[in-house]
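# Survey of secondary and tertiary structure
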Amino acid sequence: MDVICKKCGHAHRFKIEVTDFSGFVCANCHSYFKGKTVETLTYVKEFSAPLVMQWATLGESVQFKRNSYYIISKIQRFTKSGEYGNEFVGLNANQDDIYFSDGVDYTCALHTIDREQVTLLPKSNSCKFGNRHYDLEYTDEQTVVYAEGFIFEDLESTSTTLTYIQTVNEDRFISQEFIDNDVQYYQGIYLEDEGYYKIFDTYNDYIARKEGVGTKLRNIGVFAVLLLAVLFWVLNWGQIGKDTYKFDEKFPAKKANSEFVGASFELKGNKPKKLVLEGISESKSHPIQLMIKLVNEKTNEIIESGTAVHENNDVNYASGLTVDFCRIQPGIYHLVFVTSSTNGAADMDVNFELTEDYKLTYGGTSYTFLILCLVGIVVLVGIFRSKILAIKNKDFVARAEGLGYFDILKFDRLGVALVAFFAFFVAVNLFVNSSTDCRTTMRTSNLEDHTYTGSRSHYRRSFYGSGGSYSGYGSGHK
């Protein structure tokens, strides 16, 4: 069956004979004609192009439940609730029709049933079809905004649809539609989205375009990760590299209240950095207090760590030591170890010896925040990727061949979200690097054994005598 548009001359060819229609819409120029035969079609108006993608192609053959149908009609409606919905009419060789319908949150297939088969239950929003009950769930007023092919209603009038959902199986429903001062009934079944869209040939083209958009999104994600790493490197330039110095010093004295000057060392660079001391301190005397001073040999500036109790243990006199010196300028320095009695007693002559085995680390940057932000950027892009490639946004993805990176960044303000993320990352880094609100701290911990300078993992080693008996002595310092 052929239909030639009386306005643009476009030929529409159908492999099936269509009768009992009330109009026709040209797929080429979108002209709407009224008439019950091809010869009597009369021009009414012209539709604008559809605003929401329609999967079906006029005249194509589709398979549904082992039956073949030809698409003879495409209609797009706009509901009073502000949503678009598509309807495609299929017809087979036995003149049996089927209706495919999809919207923002549903896909379904329907077929006509006689109104005598549906019983509306009085004084309740429900109906009965066969031996099943259906409850009224949705009511919508609809206006046709686009159409193609054969038409079976007045496209200029408004229709009302009432949807009754089966109480036993919510995938099945009855649709009551008021069209052209008449009422029609349809039995429908909701379908899984992808299973529905696979009915139409254009879905395969969509999958290929979807892969193209997915590739661009992946490229955006890779670029965002690399940009984040570069920003971290630039913002922390001069802080990332670190120098390490190791010392093993012994200080003998005759009094517990003493000051011991360590060896000089040079902190290189051009920016202030954190200086960390990690090591082991030994005092072969009664418990004492320990303070560490960092002295700039050029300016004579002194930075004190605060006083901590040097806890001697009963095995090796060792105490773990960690000092964080805040934002130290480059220069030449030495450490001063200040000891004093813990009980405030008079400073008496003793055979006192302090051993300091430690390392100094100058510079270095924590990568925790960077790692968290890298994970965050991957999650952010992943969330937008899921949204963009979701079937409900098929209209956007279907334009993949004409979509550039800027178009993708504009989708749901993905670009704005990325800019805000990077601004947050830069702001935090600048705040951390410029903040002067920090202080020098010292922490000590009891050691029962150790694994040499700077180790933070300590343990007690037991010795066994003959026969496996415990000797009660631990290891020494070295």
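As the structure is a prediction and not an experimental result, all values here were calculated from the model. (Residues numbered from 1 in each chain as written. Predicted model: local features only at pLDDT ≥ 70, side-chain atom pairs only at ≥ 80, totals over all residues. Heavy atoms only, no water.)

### A short note on the overall build of the protein
Selection rule: Each helix is a run of DSSP H or I of at least 4 residues and each strand a run of E of at least 2, with the numbering of both proceeding from the N terminus. Should any heavy atoms of two residues lie within 4.5 Å, those residues are counted as being in contact. Computed with a 1.4 Å probe, the accessible areas rest on the Shrake-Rupley method; for each residue, only the protein chains presented here act as cover.
A count of helices and strands for the protein gives six helices and 26 strands. Pairs at least 24 apart in sequence give 66% of the contacts found in the protein among residues at least 6 apart. Counting only carbon and sulfur atoms, one obtains 52% of the accessible surface of the protein, whose full area is about 25,400 Å².

### Some points on the packing of aromatic side chains
The test is simple: Each Phe, Tyr or Trp ring (for Trp, its six-membered ring) is paired with any other whose centre lies within 6.5 Å, and the angle between the two planes then decides the class: stacked below 30 degrees, edge-to-face above 60, tilted in between. Buried means the residue's accessible area, taken with a 1.4 Å probe over protein chains only, is under 20% of the maximum for its type, while exposed means over 50%, and partly exposed covers the values in between.
Within the structure shown, the criterion is met by 26 aromatic pairs. Ring plane angle 75° and centroid distance 5.0 Å describe the contact between phenylalanine 24 and phenylalanine 150, whose orientation is recorded as edge-to-face. Taken as a pair, phenylalanine 24 in strand β3 (residues 23–25) and phenylalanine 150 in strand β13 (residues 132–151) lie far apart in primary sequence, 126 residues in all. Residue classification places phenylalanine 150 among the buried residues on the basis of a relative accessible area of 0%.

### Here's the deal with helix α2 (residues 202–235)
Counted only if it meets this: Here the expected span of a helix is defined as 1.5 Å times the quantity of residues minus one.
With 34 residues, α2 extends 49 Å between its outermost C-alpha atoms, agreeing within 8% with the 50 Å of an ideal straight helix rising 1.5 Å per residue. Among the residues making up α2, those that are buried are Tyr203, Tyr206, Val213, Gly214, Leu217, Ile220, Gly221, Ala224, Leu228, Phe232 and Leu235.

### Regarding unusual backbone geometry
What is expected of a backbone is that most residues other than glycine have negative phi and most peptide bonds are trans. Within the chain, glutamine 95 stands out as a residue other than glycine whose phi angle is a positive 65°. Relative to the helices and strands, glutamine 95 resides in the loop between β8 (84–91) and β9 (97–102). One non-glycine residue, asparagine 181, lies in the positive phi region at around 60°. Locating asparagine 181 in the fold gives a position in the loop between β15 (172–179) and β16 (182–190). Classification of asparagine 181 by relative accessible area gives exposed; the value is 86%.

### Topic: a nonpolar patch on the surface
Convention followed: Note that patches include only residues with greater than 30% relative accessible area and no salt bridge, and the join distances are 9 Å for like charges and 5 Å for nonpolar side chains (Val, Leu, Ile, Met, Phe, Trp, Tyr). Basic side-chain nitrogens of Lys or Arg form a salt bridge, by our definition, when they fall within 4 Å of a carboxyl oxygen of Asp or Glu.
Side chains of Tyr367, Ile371, Val375, Val379 and Ile383 sit close together on the surface and give an oily, nonpolar patch of about 460 Å² of accessible area. Residue classification places tyrosine 367 among the partly exposed residues on the basis of a relative accessible area of 39%.

### Topic: the nonpolar core
Our working rule: We call a set of buried residues a nonpolar core when its members are Ala, Val, Leu, Ile, Met, Phe, Trp, Tyr or Cys and they connect through side-chain atoms within 4.5 Å of each other.
The biggest cluster of nonpolar side chains holds 43 residues, and the ones touching the most others in it are Phe100, Phe200, Val213, Ile388, Ile408 and Leu418. Elements that contribute at least two residues to this core include exactly β6 (61–64), β7 (67–79), β9, α1 (193–197), α2, α3 (368–388), α4 (394–397) and α6 (414–434). With nine residues, the single largest contributor to this core is α2. The next biggest cluster of nonpolar side chains, apart from the first, holds 28 residues, and it includes Phe247, Leu290, Tyr362 and Met442.

### Quick word on the pairing of strand β10 (residues 107–113)
For clarity, the cut-off: Whether two strands pair depends on DSSP finding at least two bridges between them.
With five of seven residues buried, β10 lies mostly within the body of the structure. Counting the residues that bridge the hairpin from β9 to β10 gives four residues. Two strands pair when backbone bridges link them, and β10 and β16 are joined in this way by six bridges, in the antiparallel orientation. Counted as the bridge partner of isoleucine 113 is tyrosine 185 from β16.

### Observations regarding the side chain of threonine 161
With respect to the element layout, threonine 161 can be found in strand β14 (residues 159–166). Not counting chain neighbours up to four residues away, the residues in contact with threonine 161 comprise Tyr138, Thr139, Asp140, Gln142, Ser175, Gln176 and Glu177.

### Quick word on the pattern of salt bridges
In the structure shown here, the tally under the stated rule is 12 salt bridges. Lysine 293 is the salt-bridge partner of glutamate 304, the closest N and O atoms lying 3.9 Å from each other. Here glutamate 304, found in strand β22 (residues 302–310), pairs with lysine 293, found in strand β21 (residues 288–296); they are 11 residues apart in sequence, far enough to count as distant. Take glutamate 304: its relative accessible area is 44%, and that puts it in the partly exposed class. Put simply, Lys34, Asp154 and Glu156 are held in one network by salt bridges that share partners.

### Some details on the UniProt feature "transmembrane region" (unreviewed entry) in the protein
Put simply, the test is: UniProt positions are given in the numbering used here, feature names are shortened, and annotations may be inferred rather than shown by experiment.
Under the present numbering, the feature "transmembrane region" (unreviewed entry) in UniProt falls on residues 217–235, 366–384 and 414–432. In residues 414–432, the share of helix is 100% and the share of strand is 0%. The end C-alpha atoms are 27 Å apart.

### Quick word on a negative patch on the surface
The line we're drawing: A residue counts as positive if it is Lys or Arg and as negative if it is Asp or Glu; His and the chain ends are not included. The atoms used to mark charge sites are NZ of Lys, CZ of Arg, CG of Asp and CD of Glu.
On the surface, Asp135, Glu137, Glu170 and Asp171 cluster together into a patch of negative charge. Its location among the elements puts aspartate 171 in the loop between β14 and β15.

### Comments concerning the side chain of asparagine 92
Basically, it comes down to this: Counted as a polar contact is a pair of N or O atoms within 3.5 Å, where, for protein atoms, one must be capable of donating a hydrogen and the other of accepting one, and residues adjacent in sequence contribute only when both atoms are in side chains.
Secondary-structure assignment places asparagine 92 in the loop between β8 and β9. A polar contact of 3.0 Å, which involves the side chain of asparagine 92, links it to the backbone nitrogen of asparagine 94. Among the polar contacts listed, one links the side chain of asparagine 92 to the backbone nitrogen of aspartate 96, at a separation of 2.8 Å.

### Concerning the state of the cysteines
Formally: The definition used for a disulfide is geometric: two cysteine sulfur atoms within 2.5 Å.
Evaluation of the coordinates by the stated rule reveals zero disulfides. For cysteine 29, which is in no disulfide, the shortest distance to another cysteine sulfur is to cysteine 5 and amounts to 3.6 Å.

### What to know about the environment of serine 340
Looking at the element boundaries, serine 340 is found in strand β24 (residues 331–341). Note on serine 340: relative accessible area 23%, which makes it partly exposed. For serine 340 and serine 258, which are 82 residues apart along the polypeptide, the C-alpha to C-alpha distance reads 6.7 Å. Filtering out sequence-adjacent residues up to four positions away, serine 340 remains in contact with Ala256, Asn257, Ile288 and Gln289.

### Structural notes on the environment of valine 222
The residue valine 222 is located in helix α2 in this model. Along the backbone, valine 222 and valine 378 are 156 residues apart, and their C-alpha atoms lie at a distance of 8.7 Å.

### Topic: the pairing of β7
As defined by bridge partners, β6 adjoins β7 across four bridges and the pair is classed as antiparallel. Among the inter-strand pairings, phenylalanine 64 is bridged to a residue of β7, identified as asparagine 67. In textbook terms, the turn of a hairpin is the stretch between consecutive antiparallel strands, and for β6 and β7 this stretch comprises two residues, one of which, lysine 65, has a positive phi near 50°. Pairing analysis gives eight bridges linking β7 to β8, with the strands arranged antiparallel. Bridge pairing links isoleucine 71 to glycine 90 in β8.

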